[in-house]
Protein chains: 2
Amino acid sequence: MDPRIREHAEIIANHSTEIESGDNVVIQLPSQAEDLAVALHEICGERGANPLFINYSDRADRAFKRAADDFEEPGHELALYEETDVFVIARGGPNVSEGADVDADTNAAYNRAREEVKRERLEKTWCLTQFPTPAHAQLAGMSTEAYENFVYDAVTLDWDAQREFQANMVEILDDADEVRIVSGEETDVTMAVAGNETLNDYGEANLPGGEVFTAPVKDSVEGEVYFDLPLYRYGRQIEGARLRFEDGQVVSHSAERNEELLGSILDTDEGSRYLGELGIGMNRAIDTFTNNMLFDEKMGDTVHMAVGSAYGETVGEENEQNESAEHVDMIVDMSEDSRIEVDGEVVQRNGTFVFEDGF
Amino acid sequence: MDPRIREHAEIIANHSTEIESGDNVVIQLPSQAEDLAVALHEICGERGANPLFINYSDRADRAFKRAADDFEEPGHELALYEETDVFVIARGGPNVSEGADVDADTNAAYNRAREEVKRERLEKTWCLTQFPTPAHAQLAGMSTEAYENFVYDAVTLDWDAQREFQANMVEILDDADEVRIVSGEETDVTMAVAGNETLNDYGEANLPGGEVFTAPVKDSVEGEVYFDLPLYRYGRQIEGARLRFEDGQVVSHSAERNEELLGSILDTDEGSRYLGELGIGMNRAIDTFTNNMLFDEKMGDTVHMAVGSAYGETVGEENEQNESAEHVDMIVDMSEDSRIEVDGEVVQRNGTFVFEDGF
């Protein structure tokens, strides 16, 4: 086994989740990532934790969704997560387009039925990570070997140093009332963040980490955003998405590719038309886009916004937490002709932060 | 996908378990059996049932067991099964010897910690079946294609006709007080079955089915048994096992291969030295031994006995149900120089039953 797989498992178990004796652990990985599952099971054994290995199979999910007329809450799965302490999930299936022929409405109904399961899982100590497979290498336009290097370099960052670097931006946002994001001719959006919390993501719930993120005040978002970078959702790529916000809500949308899918995501429920997250990518070790949100949203010269559910920890007591069965991140490239303003002051210009050399 | 896989899944869902709308279903298969998982997920979708796909990975299990000093009950897994209606499990990993270097004591401790989980699962509607993989073909000494034919022929039997054929033997045993099994020079064992129930296995909990089985009265077993056929347990083969019973208990044992493993199974707990099952194979469609208990024990000219736990449904109210973390089936070849006597009358001679032509 590639020794970096054991190293990856140790970072998950030590840094990201702190698996301890007696912990009930759910490990949800695709078959292709069995090596990582083996390494995690070994660590669970060493520590006296109890692993359960769920198969994350896009083929089985697709078959189930396509055959179903309707979905109900899976009570056994909910009971499982209620008794779970640590939840580790990794992507790395054999075909990222496996869900391409599942109706968008079907996915929305499926997610609605699983909302409680999702909420329960998010209350655990959890970690979402990536196993480097040929399919994801292909998605990135890279050889499998180069992609393996890319993934293992990104997950084995010096997370303490990264936390300190990111703390600069947390400090700025924690004191902020309003954030404005401007990029090119097409993106100019403002949102209140007053009263909400900014979190420092240094490789815990997401591995790799490398962002700071908060929740916009629900009804405060105003303006237009053009998302330069494509996103994959349900096995399909949405490209060139545009959203226009009034009083926090998406009032119009378009996309250059798979616009209908974008519309169906926004129609999932009441909360899927509001932003649940504003994130600022700060991981300089991720130096190329790989068409994979887990990595792309962490890049140093990006911001991302998610329509759908807000993370509870980011929402202050005075503010409303946006709830939705969806949470879809979308990225704006901030490397050129761009700026982030906080309460009228520029804190990032063309990807360089105010606290970095060369600002 | 081989159309026989969908057919296999339909037999599981229709005949073996009757998956219905609203059922919470756990599907525990090795990665190699993903096609069967996909077919089962499709059926769950069609019927409005809720599938959860657990990965049955011998590699992950081995890594966990070898690394652990001790085991505790996995509370999250127990909670899962408490809310489960149907449990489908299939063998079909890439290497049947994967557990060969796990200590026997470790396996025994692991099973003890999981006794409640096992008990909970057995209370569900469950089905154990086989996915034909190259590793199991190799174990059988067959090509993969020939083994696929063997497996699919065995699982797609006319189960109604089989049930009727087997009912003859159920009738005999239901009225019986004592059973004696004699084979060659080395096997001569008697046991009471009075008050216990004989079940007709026609492809429900085991697919393929093809046996009738009951529980011996716990302290009644007397005599010696030589098990002609090898068995695989924890990735190792026990060959030429001999057991001697007094007052129901195994008082001495030996084996020509892996005797120590046999000893450790018997030492698991108090119940693992008593028989939990007497089974009589009656499936004439299984015409060759494949070193796989699920098939071998169903052959028409065999009987099998299991040390360890008795199935609750086979134990009458007046009798004690043997409890154990183990349940290990072992086979006696009854094709030559053999007979089964029930209350002094021969009911099978050299593999032919009293109700068959040629007796």
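Residues numbered from 1 in each chain as written. Chains lettered and ligands numbered in written order. Predicted model: local features only at pLDDT ≥ 70, side-chain atom pairs only at ≥ 80, totals over all residues.

1. Remarks on the nonpolar core
The line we're drawing: What we call a nonpolar core is a set of buried Ala, Val, Leu, Ile, Met, Phe, Trp, Tyr and Cys residues whose membership is set by joining through C-beta atoms within 7 Å. Each residue is classified by how many other C-beta atoms fall within 10 Å of its C-beta atom, where C-beta atoms are placed from the backbone; a count of 20 or more means buried, 12 or fewer means exposed, and values in between mean partly exposed. Placing C-beta atoms from the backbone, we regard two residues as in contact once those atoms come within 7 Å.
Core analysis: the largest hydrophobic core is formed by 186 residues, its most contacted members being L36 and L40 of chain A together with L36 and L40 of chain B. Ignoring anything within four residues of it in the chain, the contact list for L40 of chain A reads A9, I12, A13, I27, P51 and V88 of chain A.

2. A word on the environment of L52 of chain B
Note the threshold: Secondary structure is summarised from DSSP: a helix means a run of H or I of at least four residues, a strand means a run of E of at least two, and numbering begins at the N terminus for each.
Tracing the backbone shows L52 of chain B in strand β2 (residues 50-55). Between the C-alpha atoms of L52 of chain B and V25 of chain B, which are 27 residues apart in sequence, the distance is 6.2 Å. Apart from residues lying up to four places away in sequence, L52 of chain B is in contact with P74, H76 and E77 of chain A together with V26 and I27 of chain B.

3. Quick word on the domain arrangement of chain A
Residues and elements named next belong to chain A. Our working definition: Delimitation of the domains relies on an automatic or database domain assignment. The residue classification treats Ala, Val, Leu, Ile, Met, Phe, Trp, Tyr, Cys and Pro as nonpolar and Asp, Glu, Lys and Arg as charged. All others, Gly included, are polar.
Each domain of chain A was delimited in the assignment, giving domain 1 (3-155) and domain 2 (159-353). The straight-line distance from the C-alpha centre of domain 1 to that of domain 2 is 23 Å. Within the residue set of the side of domain 1 that touches domain 2, elements represented by two or more residues are α1 (3-16), α5 (104-113), β4 (125-130), α7 (134-140) and α8 (144-155). With six residues, α5 is the single largest residue contributor to the side of domain 1 that touches domain 2. Here the side of domain 1 that touches domain 2 is built from residues that sort into 14 nonpolar, nine polar and five charged.

4. Let's talk about the interface of chain B and chain A
If you look at the interface, chain B gives 39 residues, while chain A gives 39 residues. Looking at the side of chain B that touches chain A, the elements that each hand over two or more residues are β1 (24-29), α2 (34-47), β2, α3 (58-67) and α4 (75-82) of chain B. Residue contributions to the side of chain B that touches chain A peak at eight residues, all from α2 of chain B. Taken together, the residues that form the side of chain B that touches chain A break down as 16 nonpolar, twelve polar and eleven charged.

5. What about the packing of α1 of chain A against helix α2 (residues 34-47) of chain A?
Residues and elements named next belong to chain A. Where we set the bar: For helices, the axis comes from a line fit to the C-alpha atoms of the stretch in contact; other axes are also lines fit to C-alpha atoms, and the angle between any two N-to-C directions lies between 0 and 180 degrees. In this scheme, roughly parallel covers angles under 35 degrees and roughly antiparallel covers those over 145, while 65 to 115 is roughly perpendicular and the rest are oblique. Crossing handedness: left-handed means the near helix sits turned counterclockwise from the far one by under a right angle, and right-handed means the same turn made clockwise.
Direction vectors running N to C along α1 and α2 enclose 55°, while the axes themselves pass 9 Å from each other. On the basis of their axis angle, the class for α1 and α2 is oblique. Where α1 crosses over α2, the handedness of that crossing is right-handed. Contact residues: I5, R6, H8, A9, E10, I12 and A13 in α1; D35, L36, A39, L40 and I43 in α2. A class-by-class count of the residues in the contact of α1 with α2 yields eight nonpolar, one polar and three charged.

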